[in-house]
Amino acid sequence: MTFFDNPVIPGFSPDPSICRAGDDYYLATSSFEYVPGVPLWHSRDLVHWRLIGHVLDRRAQLDLPESTGASGGVYAPTLRYHDGRFWMITTVVGGAGTVLVTATDPAGPWSDPVTVDVPGIDPDLAWDEDGTCWCVVSHGGIQGVRVDPATGERLGEPVALWSGSGLQYPEGPHLYHVGDWWYLLLSEGGTERGHAMSVARARTLPGPFEPHPANPVLSHRSTDHPVQNTGHGDLVQAGDGTWWMVLLGTRPRGDTPKFHGMGRETFLVPVRWEDGWPLPGPLETRATAPALEPHPWPPEPTRDDFDSPEAAPCWVTPRRLDPAAVRLDERPGHLVLHARADSLDTPGAVFVGRRQRDPDCSARTLVTVGEGGRGGLAVRLDEAHHYQVEAGDGMVRAVARIGPLCHTVAEHPAPEGPLRLRIDVTTTVTLPPTVTGKDATVPPGLRVGAPDALRLGYETAEGGFEVLAELDGRYLTTEVAGGFTGRVIGMYATRGSAAFDWFELRPA
């Protein structure tokens, strides 16, 4: 018996959808305003996952306008393997609407998108025995309609299927044909603390569907479980005949109401069948692994020296990649960023980052700003919530943007030459030894019960860490900022140009 640790894909990987092709498993997650869109993961054992690319990786597939709001863009995808092809359908909110792409190799290339003429979000695909394709969406309830997947045309009018047990926001539907039954799995209760999963079944489509008598079949609402917001799951049958579910959850920390900064993450739970019903769970942070041959991948590199002519799959940017502003070919062994906006508060600002995947981590980079330039290292949740440490005008400074407030917390004359900027994230907030209790004095910028602390500064030539500011992490969480994403840590330029020799993000 072997064990694994949940989440199986940590850090800002919500709305997972999974499919199996032979002995291989593939999983897609939401990407919202970040491009490339729809991260795609590969596994051989359901536990170890590696990022192999993105489904929507070029402008012809995904063209988000700069006006796309934070947490707009690419919503929950569905990934399926059918008739020798991979299919991915998703909704681009504020953009092209519901689109469908296909590939024979999940690593790509994927086709140009076909627009699917079905209103709603969280689309799903399923095929019946005669090959008819059904698209199921959340649209004032859960609706289904036959479609031509080659053209996106509807082959009839949408019909109501089932809308859950009565909780708010029935969404994230997935339809499966198993044995003599059609099963409809959905989420309800909202994707916050009330999130839950329910299931219904029908003999034929479009129903009627009968609900499981004990719905919801999985929820952590009103419990002290360390994983909350559980829902938006998808089923897969493993090669050994067992069934599993991937679903999203969060790991909130700190004092009430507790906060999560890394976003909604992907978890794995077993599924048992009782009286013809699929029942998922329990979700455990340390759990028994599937009885499949373990297949770990080489560790993901923590450091990028920018020696490759193409960006690694982990790098993303908000809304649109401007090849004239993000350059790997301008200076050998460097990522050179050219500013397009004078602040990270502005859509269109040049920021290139990767998801925070460890609660305790350290991000470092070596940067040289051009004459009159300004750029550095930032932890971003959205335009109105980010912390940054930057070089410019002969100074190094720590800046905090929290809602309508933007403040230079501290600044110091910058050392000569390239500058090593650093941000440490730690879930242990260090207090003076005499400090106890909720009302005690804590370091400036923090409070007792903070989910984590972010220390912003630069490294000296001797290797020391000069901390300019220590800030409360709760302001970079969705409990404060709202939205559906998680923290992304990376590099930016807001005036002139900045050249980054390397970037490192490693567990603390």
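A short tour of the structure in this document, coming up. (Residues numbered from 1 in each chain as written. Predicted model: local features only at pLDDT ≥ 70, side-chain atom pairs only at ≥ 80, totals over all residues. Heavy atoms only, no water.)

Focus: the layout of surface pockets
The computed volume of the largest pocket comes to approximately 1000 Å³. Those elements giving two or more residues to the lining of the largest pocket turn out to be strand 5 (37–43), strand 6 (50–56), strand 26 (303–304), strand 30 (350–355) and strand 40 (497–507). Of the residues in the lining of the largest pocket, the class split is 21 nonpolar, four polar and 10 charged. Reported here for the second largest pocket is a volume of approximately 900 Å³. Forming the boundary of the second largest pocket are 33 residues, of which Pro36, Asp57, Ala311, Trp315 and Leu321 lie nearest the centre. (1 Å grid on protein atoms, 1.4 Å probe; cavity = no way out; pocket = protein on both sides within 12 Å on 5 of 7 lines; lining within 4 Å. Points joined across faces, edges and corners; volume = space filled by probe spheres on them. Helix = DSSP H or I, 4+ residues; strand = E, 2+ residues; numbered from the N terminus. Nonpolar A, V, L, I, M, F, W, Y, C, P; charged D, E, K, R; others polar.)

Some details on the sheet that holds strand 2 (residues 17–21)
Within the open sheet, the four strands sit side by side as 2-3-5-6. Their pairing is antiparallel. Strand pairing shows two members of the sheet lacking a second neighbour, strand 2 and strand 6, which therefore form its edges. Adjacent strand axes in the sheet meet at a mean angle of 25°, parallel and antiparallel pairs treated alike. Pairing between strand 5 and strand 6: five bridges, direction antiparallel. (Pairing = 2+ DSSP bridges. Axes fitted to C-alpha atoms, helices over the stretch in contact; angles between N-to-C directions.)

Some details on the sheet that holds strand 13 (residues 133–138)
By definition, the strands of a sheet pair up through backbone hydrogen bonds, in either a parallel or an antiparallel sense. Read from one edge to the other, the open sheet built from four strands follows the order 12-13-14-15, with strand pairing classed as antiparallel. Lying at the two open borders of the sheet, with one neighbouring strand each, are strand 12 (121–127) and strand 15 (159–160). Inspection of the sheet shows strand 13 paired to strand 14 (residues 142–147) by six bridges, in the antiparallel sense. Each residue of the ladder has a partner; that of valine 137, found in strand 14, is glutamine 143.

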